[in-house]
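Spelled out from the first residue to the last, the chains are:
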Amino acid sequence: MKTTALAEAVVAGAEPAELARLDVPSAYRAAHLRKDEVGSFDQDDQDKDVRRTLHVGEVPMPELAEDEVLVAVMASAINYNTVWSAMFEPVPTFAFLERFGRSDARHDLPVHVLGSDAAGVIVRTGRAVRRWRVGDRVVTSPAYVDGEDPVVQHDGMLAGDLRAWGFETNFGGLADFAVVKATQLLAKPRHLSWEEAACNMLCASTAYRMLVGERGARMKQGDVVLLWGATGGLGGYGVQLVRNGGGIPVGVVGTQEKAELLRRMGCPYVVDRSQFDGGLADEKGWRRLGAEIRRQVGEDPAIVFEHTGRETFGASVYVAKRGGAVVTCGSSSGYAHEYDNRHLWMKLKRIIGSHGANYQECHEVNRLIALGMVHPTLSAVYPLEEAAQAARAVQLNQHVGKVGVLALAPSEDLGVEDHALRARIGEDRLRLFRRPL
Ligand code: NAP
């Protein structure tokens, strides 16, 4: 794959004037899906291996709209939506692009460039962009929202045309260049490398809204919070946010190795779900889980942090305390949930739906990361050429925390500007998820 003068200048740390002078290439390297491969998995295919559908190659460079910037991507990360997209589930993402194409034709293409996280350098700004300049080092918020919708002033996540960038839009972050709205931009935390900076925003901001946000569970000091997948993408940030806010995290994980990592994170209560060999699908399993939480903590959770879906949801509703809340943003094990409604209404519990995070919530969690109060959970890093392999690791639940992808960054550990803050936090904490399990 040939590199361009612009990409080389970004990597060399060229001045903004130099970046502005160099031509934007007409094509760029990107991890993408192909529309002609929709339907390539059989309905009853047990293993929809994402390596079959996630390709890396050249795609055409789009035009930039007035309110957008072009980011030269140094690093990105795999999200679970990358896995859903490459399995063409629950619906092929090309359906999103077709719908979006009715208002913005650029997005409706036979290729879909994925990726909802990125860290990089701005190389072009649209004419209407005021707060950002060529040369700025940024990370991206994953919400793609039309700022003209009045409800955005209230809560951007309520916008009728809200889209997840790089999932419901084209030109995402798993590429050498990405197109984002200027409103999506946040300053890159200066003590982090490119790949550490790139892995946080989608999961950290989603967990923040779920736990802290006004429309989330609004955790209070002392709240017991049960977190499924506590060393996974969302859970790794969820545990940190609960601890920071004075809550009491109870982390659920699937192996003893992950249980050990959770303890190293400072999570005082750990449940290994593999001990429930009879499963958690019926009330017998729910009761065993509830009893285990009471045995360890002495009380029931005020909040259950849900994203695991069908296989856990009944248990989540059951174990939440009287008046407690289950806050959910996903359904990894299936989205048609069953739970016993008597446990919900008789004990006055609530189910709260949550999705992504608005820009203010993204700003707030990015600030915590920049202050060194929330740390990246990066566990592994792959080159962009191996993006499909990286997504496969997430698909098979072989990872912990976040899996990073290097795009233009030629190697790991580049991009750190604030070495003093890094030293104050300590490599041990910043690289906690990178130690072998
Ligand atoms: P992840 O990195 O794969 O982590 C998920 C964790 O869930 C795994 O570490 C695994 O931990 C646990 N898990 C998986 N299957 C399970 C099961 N059947 N029962 C219990 N635990 C199970 O994924 P993620 O990034 O955290 O995302 C999780 C889900 O949330 C995905 O469905 C994703 O699409 C969704 N999500 C939604 C939003 C949104 O804005 N709506 C944002 C982010 C993510 P153990 O095996 O250790 O238990």
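Before going into details, it helps to say that this report is about the structure given with it. If you're wondering where the values come from, they're calculated on a predicted model, not measured in any experiment.

What counts, and where the lines are drawn
Residues numbered from 1 in each chain as written. Predicted model: local features only at pLDDT ≥ 70, side-chain atom pairs only at ≥ 80, totals over all residues. Heavy atoms only, no water. Phe/Tyr/Trp six-rings, centres within 6.5 Å; stacked < 30°, edge-to-face > 60°. Helix = DSSP H or I, 4+ residues; strand = E, 2+ residues; numbered from the N terminus. Lys NZ or Arg CZ within 6 Å of the ring centre and 35° of its normal. Salt bridge = Lys/Arg side-chain N within 4 Å of Asp/Glu carboxyl O. Buried < 20%, exposed > 50% of the residue type's maximum accessible area, 1.4 Å probe, protein only. Pairing = 2+ DSSP bridges. Axes fitted to C-alpha atoms, helices over the stretch in contact; angles between N-to-C directions. Contact = heavy atoms within 4.5 Å.

Moving on: the packing of aromatic side chains. Tallied over the entire structure, the rule returns seven aromatic pairs. Between Tyr28 and Phe177, the ring centres sit 6.3 Å apart and the planes meet at 85°, which makes this aromatic pair edge-to-face. Residue Tyr28 is found in strand S1 (residues 27–34), and its partner Phe177 is found in strand S9 (residues 177–181); the two are separated by 149 residues along the sequence. Positioned above the aromatic ring of Trp194 is the side chain of Lys188, whose terminal nitrogen or guanidinium carbon lies 5.2 Å from the ring centre.

Enumeration over the complete set of coordinates arrives at 30 salt bridges. Across the pair Glu260 and Arg263 runs a salt bridge whose closest N-O atoms are separated by 3.8 Å. With a gap of three residues between them, Glu260 and Arg263 both fall in helix H8 (residues 256–264), about one helical turn apart. The partly exposed category is assigned to Glu260, whose relative accessible area is 40%. On the accessibility criterion, Arg263 (45% relative accessible area) is partly exposed. A salt bridge links Glu292 to Arg295, with the nearest nitrogen and oxygen atoms 2.9 Å apart. Of this pair, Glu292 and Arg295 both sit in helix H9 (residues 283–297), three residues apart, roughly one helical turn. Among the residues examined, Glu292 registers a relative accessible area of 12% and is labelled buried. Here Arg295 falls in the exposed class, since its relative accessible area comes to 60%.

Turning next to the sheet that holds strand S16 (residues 350–353). If you trace the six strands from one edge of the open sheet to the other, you get S13-S12-S11-S14-S15-S16, paired in parallel fashion. Strand pairing shows two members of the sheet lacking a second neighbour, strand S13 (269–272) and S16, which therefore form its edges. Strand-to-strand, the axes of this sheet are offset by a mean angle of 20°, without reference to chain direction. Sheet topology note: the strand S12 (residues 248–253)/S13 ladder contains four bridges and is parallel. Its bridge partner lying in S13, Val252 is registered against Val271. The strands that H9 touches are strand S11 (224–227), S12 and S13; relative to S13, the one it contacts most, it runs at about 155°. Strands in contact with helix H10 (residues 310–319) are S11, strand S14 (303–306), strand S15 (325–328) and S16; relative to S14, the strand with the most contacts, it is inclined by about 165°.

None of the figures reported here should be taken as evidence of function without further support.
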